[in-house]
Amino acid sequence: MSPCWPSAGKPQVETESTYRRLQRFFAGFVFDYKALGQFLLELVPSDPPYVAVVDRTEWHFGQTAVNVLMVGISYNGIAFPIAWTALGHGGGSGADEHASVLEQFLQVVEPEQIRALVADREFTGSDFLKVLKEREIPFVIRLKSDRRVGPASGGWSLPARMFARTCGVQQSSLLGGRQVVGGAESIDLQVGTKRLEDGSFLILASRGVDPESMFKLYWERWDIETLFAALKSRGFDLEATHLTEPDRIRKLLGVLALAYSWTRIVGLDRKRREGPPRECANGYPEKSLFRYGLDRLRELVINWHRMQDELSRCIQALIAPRSFLSCS
């Protein structure tokens, strides 16, 4: 028998063995999500108060929906993941699920460390707003245009879009006095309205936030959409997974949250050491800082045998991210 046969078969053995180890990991490993969240918070290159962003993303594997709720911390155009859960159903999420993922987040971040929680229209249920009020968490949340709003004194209410119609294109206004958003239980809120360029209405409800800053804070909601894109089609291709069981999806997200945060820090480091990504003709960067860092890590891993010192230096980012960036 040729001496090359054992070595020729070895790669296949290693691949199958690695696959079995991954199967065992997702089947039996137990994450301490609070400890992981605390570690991920250390990787956020900013100090409190934080702008927290909550949102949901969904995709399908065959006929099975994979549905994820996540809370991240906004930073320079993209969010850092801190807490998440995988839902056992497709479609919209409810107030109990919103409150559950919020409690996970609050195990890591204290309410007084939150400048504002920012969310879209899915998160305006009265029960969830009541939880935010009870926990004294400032927030800015977009309202549906048909949500009824009236004065704190009561007596009458109108759909929120009726107030927004008084605004010109790109103009905004704040409703005078304390307003009440109708529902199972009315809650005193500050309401701001704005007519967008396409003629649609942006109607925001806030509490504990400077009314003049509510629109600027709300736009940070898009940072979590950028995070989802990095986890999915523009980065780790999360939607290609064949995992569908919620507990295993949650574990997979834990691995990707750590990889993503590391990649983002490496991107910041590369920007400071080598300069920002090249600009395209339209003036926008050719690559995001996430992609900038991901490309760097790929290069280091592929060429680890001749770039061990640089790879070791980047691994130090997981141990002391603030020192790593300050020394860059």
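Calculation criteria
Residues numbered from 1 in each chain as written. Predicted model: local features only at pLDDT ≥ 70, side-chain atom pairs only at ≥ 80, totals over all residues. Heavy atoms only, no water. Phe/Tyr/Trp six-rings, centres within 6.5 Å; stacked < 30°, edge-to-face > 60°. Helix = DSSP H or I, 4+ residues; strand = E, 2+ residues; numbered from the N terminus. Buried < 20%, exposed > 50% of the residue type's maximum accessible area, 1.4 Å probe, protein only. Salt bridge = Lys/Arg side-chain N within 4 Å of Asp/Glu carboxyl O. pLDDT = per-residue confidence, 0-100. Contact = heavy atoms within 4.5 Å. Core = buried A, V, L, I, M, F, W, Y, C linked by side-chain atoms within 4.5 Å. Axes fitted to C-alpha atoms, helices over the stretch in contact; angles between N-to-C directions. Parallel < 35°, antiparallel > 145°, perpendicular 65-115°, else oblique. Left-handed = near helix turned anticlockwise from the far one by under 90°. Expected span 1.5 Å × (residues − 1). Nonpolar A, V, L, I, M, F, W, Y, C, P; charged D, E, K, R; others polar.

### Concerning the packing of aromatic side chains
The final tally for this structure, using the stated rule, is 8 aromatic pairs. Arranged with centres 6.2 Å apart and planes meeting at 90°, the rings of Tyr33 and Trp84 form a pair that is edge-to-face. Highlighted residues: Tyr33 in helix α2 (residues 33-42) and Trp84 in strand β3 (residues 78-87), separated in sequence by 51 residues. A centroid spacing of 6.0 Å and a plane angle of 65° characterise the contact between Phe80 and Tyr260, whose relative ring orientation is edge-to-face. With Phe80 in strand β3 and Tyr260 in helix α8 (residues 246-274), this residue pair connects regions lying 180 residues apart in the sequence. By relative accessible area, which is 0% here, Phe80 ends up buried.

### Some words on the pattern of salt bridges
For side chains bearing opposite charge, pairing can occur when the charged atoms are close. According to the stated counting rule, one finds 19 salt bridges in the structure shown. One salt bridge in this structure joins Arg313 and Asp269, with 2.6 Å as the shortest N-O distance. Of this pair, Arg313 sits in helix α10 (residues 308-315) while Asp269 sits in helix α8, and the two are 44 residues apart along the sequence. Since its relative accessible area comes to 23%, Arg313 is described here as partly exposed. A relative accessible area of 2% places Asp269 in the buried class.

### Structural notes on the confidence of the model for the protein
Predicted coordinates in areas of low pLDDT are best not read in detail. With 92% of its residues at a pLDDT of at least 70, the protein reaches an overall mean of 86. Within the protein, strand β4 (residues 114-119) carries the highest mean pLDDT (97), whereas helix α1 (residues 4-28) carries the lowest (63). Counted against residues more than four places away or in other chains, residues 1-10, with its pLDDT under 50, gives 0 contacts.

### Brief notes about the nonpolar core
Residues Phe105 and Leu132 are the most contacted members of the largest nonpolar core, which totals 82 residues. Take this core: its biggest share by element is 10 residues, from α8. One finds Ala116, Val140, Leu202 and Val209 within the second-largest nonpolar core, a separate group that totals 12 residues.

### Topic: the packing of helix α3 (residues 95-106) against helix α4 (residues 126-134)
Look at α3 against α4: their axes get within 8 Å of each other, and the N-to-C directions meet at 25°. Classed by the angle they form, the pair α3 and α4 counts as roughly parallel. Both α3 and α4 take part in a crossing whose hand is right-handed. Taken together, the residues of α4 that come into contact with α3 (itself represented by Ala95, His98, Ala99 and Leu102) are Asp127, Phe128, Val131 and Leu132.

### So, unusual backbone geometry
Trans peptide bonds make up most of the peptide bonds, and negative phi angles are found at most residues other than glycine. Cis peptide bonds are those with omega within 30 degrees of zero, and the linkage from Pro48 to Pro49 qualifies with 5°. As for its placement among the helices and strands, Pro49 is situated in the loop between α2 and β1 (50-61). Not every positive phi belongs to a glycine, and Glu136 is a case in point at roughly 55°. The topology assignment puts Glu136 in the loop between α4 and β5 (139-142). Positive phi outside glycine occurs at Asp237, with the angle close to 55°. Tracing the chain through its elements places Asp237 in the loop between α7 (222-231) and α8.

### Examining α3
In this model, α3 (12 residues) spans 16 Å end to end at C-alpha, consistent with the 16 Å of a helix rising 1.5 Å per residue. Taken together, the buried positions of α3 are occupied by His98, Ala99, Val101, Leu102, Gln104, Phe105 and Leu106. Looking at the buried residues of α3, the elements they touch are β1, β2 (64-75), β3, β4, α4 and α8.

### Observations regarding the side chain of Thr85
Looking at where Thr85 falls in the secondary structure, it is placed in strand β3. What Thr85 contacts, discounting residues up to four positions off in sequence, is Asn67, Val68, Leu69, Val101, Gln104 and Arg250.

### Here we look at the packing of α8 against helix α9 (residues 289-302)
The axes of two packed helices give the description: the angle between them and the distance between them. With their axes 7 Å apart at the nearest point, α8 and α9 run at an angle of 95° to one another. Between α8 and α9, the angle is such that the two are roughly perpendicular. Between α8, through Tyr260, Trp262, Thr263, Arg264, Val266, Gly267, Leu268, Arg270, Lys271 and Glu274, and α9, the contact on the second element is made entirely by Leu289, Phe290, Tyr292, Gly293, Leu294, Asp295, Arg296 and Leu297. Partitioning the contact of α8 with α9 into residue classes produces 9 nonpolar, 3 polar and 6 charged.

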